[in-house]
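Coordinate analysis (summary)
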Number of protein chains: 2
Amino acid sequence: MRQAPAQDRGARSRDAILDTAGELMSRHGYAATSISMISTACGLPVSSIYWHFRSKEGIYVAVLERATTVLLAALPPAEVPGADVTQRLDAFLSNLAGAFRQHPRGVQLLLGLGVVQKDAGAAAMAEVHRYRDALVAWARNSVSSVFALRDRPEVADELARFTLRMTSGTAVARWFEPDVVLETEPLRVTLPALAAHHGVPVRGTPVEGGPGEDAPGEDAPALGVTPGTAP
Amino acid sequence: MRQAPAQDRGARSRDAILDTAGELMSRHGYAATSISMISTACGLPVSSIYWHFRSKEGIYVAVLERATTVLLAALPPAEVPGADVTQRLDAFLSNLAGAFRQHPRGVQLLLGLGVVQKDAGAAAMAEVHRYRDALVAWARNSVSSVFALRDRPEVADELARFTLRMTSGTAVARWFEPDVVLETEPLRVTLPALAAHHGVPVRGTPVEGGPGEDAPGEDAPALGVTPGTAP
DNA sequence: GTCTATATCGGGATAGAC
DNA sequence: GTCTATCCCGATATAGAC
């Protein structure tokens, strides 16, 4: 039987195409990434690419789909195990930063960088919206769990938007300085401040409720990053 | 003398080209914006565009240059008149949000959205870096003035980066929801929190110092946008 | 499933009349 | 300064042998 090896080779080619396409599209954007670039980068001829995918838009959709799968697998869905708010927040931010560090291209693609409006067809844009919304929902559920905001959906929404905008901005900065990572410390400070500003009780943060500790501390709580972010 | 009208017409054509090119490039990105799109959008034939500008890259550089001029004119350079930290912060954020609201395309272009890496040539990328750096410098000087950080340049740098990343993220969000504006309230809350976290004394913010007012006010101070932004 | 070869179209850029 | 007409190349996509 030679069918199995052939199928295997096809699947590996498909993966290779998606790998290089994701790399190139996240770096150059959808419009600036040509099929020939993908072809020369991954070694396979153009028509093989068209055998695996109907069109350029099809490649893009497939890249998005796989990036979503990988990324959502890397993001524990809003369980946030810690008992303390600070611990849960650290776990959440650690997950976010870990995903950003390990799958930066996926983050860039899912946040919609790389496409601008009608570059791609309507179907592709709809997919981008879907995946982007999925990320937003994950962030909203996570912060809702971190700060116990079941009855304050507006606050959860604002905190999630705030977090994702910082993430987007950092992804943009990565275009110019590839070494940039998502800094968790500013978010660890500002998210509780935002929550407190909306009247959400937050323990261990500089809010007027508990005057016992006046100094927030120069050093962060030094909670170790949660292991297990890398599957 | 017919020279004056002719020159005037040429200058107006040049402006029209830059207007439409800036609009299209900020919406579709550099690579996805074609000369023919610009031609049909502004009415002038392709060769007229090439008479005014050497190449597509030349158009892009000119668009960036003009956006920088307009934007930096709309941003009072780090004077920040208020006596109180809160007042100065409000003025700063009001200026930033006003510029974002009135020149969103310029902000998008200067922040580097619309180009991804080597889309344009090396010269254009260098220009993007220059202009982006100018924006960063403006933000750093502004926050330095707001929080009196002459002797804490590191803190000024972090606050400026934080602010511009939020701005970048908001600009990205504008691709998907064109109505999105730069929200000043989260920044008004989080910037003092970040400053306080670094040991910078901040008066009138929800830090343990002054518990008199806990609510900074739901409504914005309604500081008028600076006039004279549109020449 | 993979390759060579090719059709077709649109992009950037130029020539030269007016 | 503006227009028409054109060159050249690269991009998407397809045909058909292997």
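Nothing here was measured: the structure is a model prediction, and the numbers come from that model.

Cut-offs and rules
- Residues numbered from 1 in each chain as written.
- Chains lettered and ligands numbered in written order.
- Predicted model: local features only at pLDDT ≥ 70, side-chain atom pairs only at ≥ 80, totals over all residues.
- Heavy atoms only, no water.
- Helix = DSSP H or I, 4+ residues; strand = E, 2+ residues; numbered from the N terminus.
- Buried < 20%, exposed > 50% of the residue type's maximum accessible area, 1.4 Å probe, protein only.
- Contact = heavy atoms within 4.5 Å.
- Areas by Shrake-Rupley, 256 points an atom, 1.4 Å probe, with all protein chains shown as cover.
- Near = heavy atom within 4 Å.
- Polar contact = N/O pair within 3.5 Å; in protein donor to acceptor, adjacent residues only side chain to side chain.
- Nonpolar A, V, L, I, M, F, W, Y, C, P; charged D, E, K, R; others polar.
- Least-squares fit on C-alpha atoms with pLDDT ≥ 70 in both.
- Buried area = accessible area lost by both parts, 1.4 Å probe.
- Salt bridge = Lys/Arg side-chain N within 4 Å of Asp/Glu carboxyl O.
- Expected span 1.5 Å × (residues − 1).
- Axes fitted to C-alpha atoms, helices over the stretch in contact; angles between N-to-C directions.
- Parallel < 35°, antiparallel > 145°, perpendicular 65-115°, else oblique.
- Left-handed = near helix turned anticlockwise from the far one by under 90°.
- UniProt positions renumbered as here; feature names shortened; annotations may be inferred.
- Phe/Tyr/Trp six-rings, centres within 6.5 Å; stacked < 30°, edge-to-face > 60°.
- Lys NZ or Arg CZ within 6 Å of the ring centre and 35° of its normal.

**Observations concerning the overall build of chain A**
- Within chain A, the secondary structure is distributed over nine helices and zero strands.
- Reading the helices (α) and strands (β) of chain A from amino to carboxyl end gives α-α-α-α-α-α-α-α-α.
- Considering chain A as a whole, with its 231 residues, one finds that 50% of them fall into the buried category.
- Considering only intrachain contacts with a sequence separation of at least 6, the fraction spanning at least 24 residues in chain A is 73%.
- Carbon together with sulfur atoms contributes 53% to the accessible area of chain A, which is approximately 11200 Å² in total.

**A look at the protein's contact with DNA strand C**
- Around DNA strand C there are 18 residues in total, and Ser13(A), Pro45(A), Ser47(A), Ile35(B) and Tyr50(B) lie nearest to it.
- Counting only atoms of DNA strand C within 4 Å of the protein, the sugar-phosphate share comes to 68%.
- In this structure, a base oxygen belonging to DNA strand C sits 2.7 Å away from a side-chain N or O atom of Ser47(A).
- Only α1 (3–28) and α3 (46–52) of chain A together with α2 (35–42) and α3 (46–52) of chain B provide two or more residues apiece to the surface near DNA strand C.
- In terms of residues, the surface near DNA strand C owes the most to one element, α1(A), which gives five residues.
- In terms of residue class, the surface near DNA strand C is built from five nonpolar, eleven polar and two charged.

**Some details on the relation of the copies chain B and chain A**
- In screw terms, the move from chain B to chain A is a rotation of 180° and a rise of 0.0 Å along the axis, fitting with an RMSD of 0.1 Å. Taken together, the rotation and translation relating the two chain copies correspond to the operation of a two-fold axis. Among all residues of chain B, the one whose C-alpha sits closest to the rotation axis is Gly169(B), at a distance of 2.1 Å.
- Both copies share a contact surface, since 91% of the interface residues of chain B are interface residues in chain A too.

**Considerations on the interface of chain B and chain A**
- With 44 residues of chain B in contact, the opposing surface of chain A contributes 43 residues.
- Taking both sides of the interface into account, the surface hidden between chain B and chain A amounts to around 4100 Å²; carbon and sulfur atoms contribute 64%.
- By the criterion of area lost to chain A, the three top residues of chain B are Arg165(B), Phe176(B) and His197(B), representing 19% of everything that side buries.
- The interface formed by chain B and chain A holds four salt bridges in total.
- Here Arg161(B) ties to Glu183(A) by a salt bridge, and the two come within 2.9 Å at their closest N and O atoms.

**Structural notes on the side chain of Thr190(B)**
- Here Thr190(B) shows up in helix α9 (residues 184–197).
- When neighbours within four sequence positions are excluded, Thr190(B) is seen to be in contact with Phe162(A), Thr190(A), Leu194(A) and Phe162(B).

**Here we look at helix α4 (residues 56–74) of chain A**
- Over its 19 residues, α4(A) runs 27 Å from end to end, which matches the ideal 27 Å to within 8%, given 1.5 Å per residue.
- Buried residues of α4(A): Ile59(A), Tyr60(A), Val61(A), Ala62(A), Val63(A), Leu64(A), Ala67(A), Thr68(A), Leu71(A) and Ala74(A), and no others.

**Describing the environment of Ala32(B)**
- Counting through the fold element by element, Ala32(B) comes out in the loop between α1 (3–28) and α2.
- Put simply, Ala32(B) and Gly114(B) are 82 residues apart on the chain and 9.1 Å apart in space, counted from C-alpha to C-alpha.

**Some points on the packing of helix α5 (residues 85–102) of chain B against α9(B)**
Residues and elements named next belong to chain B.
- Viewed as axis vectors pointing N to C, α5 and α9 meet at an angle of 140°, and their least axial separation amounts to 10 Å. Here α9 runs oblique to α5, going by the angle between their axes. Of the two elements, α5 crosses α9, and the hand of that crossing is right-handed. Contacts from Leu89, Asp90, Phe92, Leu93 and Ala97 in α5 reach Thr184, Leu187, Arg188, Leu191 and Pro192 in α9.
- Of the residues belonging to the contact of α5 with α9, the class tally is seven nonpolar, one polar and two charged.

**As for the UniProt feature "DNA-binding region" (unreviewed entry) in chain A**
- UniProt records the feature "DNA-binding region" (unreviewed entry) for residues 34–53 of chain A in the present numbering.
- Secondary structure within residues 34–53 of chain A divides into 75% helix and 0% strand; the distance between the first and last C-alpha atoms comes to 14 Å.

**What to know about the packing of aromatic side chains**
- Going through the model one piece at a time under the given rule, you end up with five aromatic pairs over all chains.
- Note on Phe92(B) and Trp138(B): the rings are 5.6 Å apart at their centroids and 40° apart in plane angle, and the pair reads as tilted. Of this pair, Phe92(B) sits in helix α5 while Trp138(B) sits in helix α7 (residues 122–147), and the two are 46 residues apart along the sequence.
- Overall, the relative accessible area of 3% leaves Phe92(B) in the buried class.
- Note on Trp138(B): relative accessible area 7%, which makes it buried.
- The ring of Tyr30(A) is capped by Lys56(A), whose NZ or CZ atom sits 4.5 Å from the centre of that ring.

**A look at the packing of helix α9 (residues 184–197) of chain A against α9(B)**
- Relative to each other, α9(A) and α9(B) sit at 125°, their axes nearing to 9 Å. On the basis of their axis angle, the class for α9(A) and α9(B) is oblique. Helix-helix and strand crossings are classified by hand; for α9(A) and α9(B) the assignment is right-handed. Note on element contacts: α9(B) touches α9(A) through Glu185(B), Pro186(B), Val189(B), Thr190(B), Ala193(B), Leu194(B) and His197(B), opposite Glu185(A), Pro186(A), Val189(A), Thr190(A), Ala193(A), Leu194(A) and His197(A).
- Counted by class, the contact of α9(A) with α9(B) contains eight nonpolar, four polar and two charged residues.

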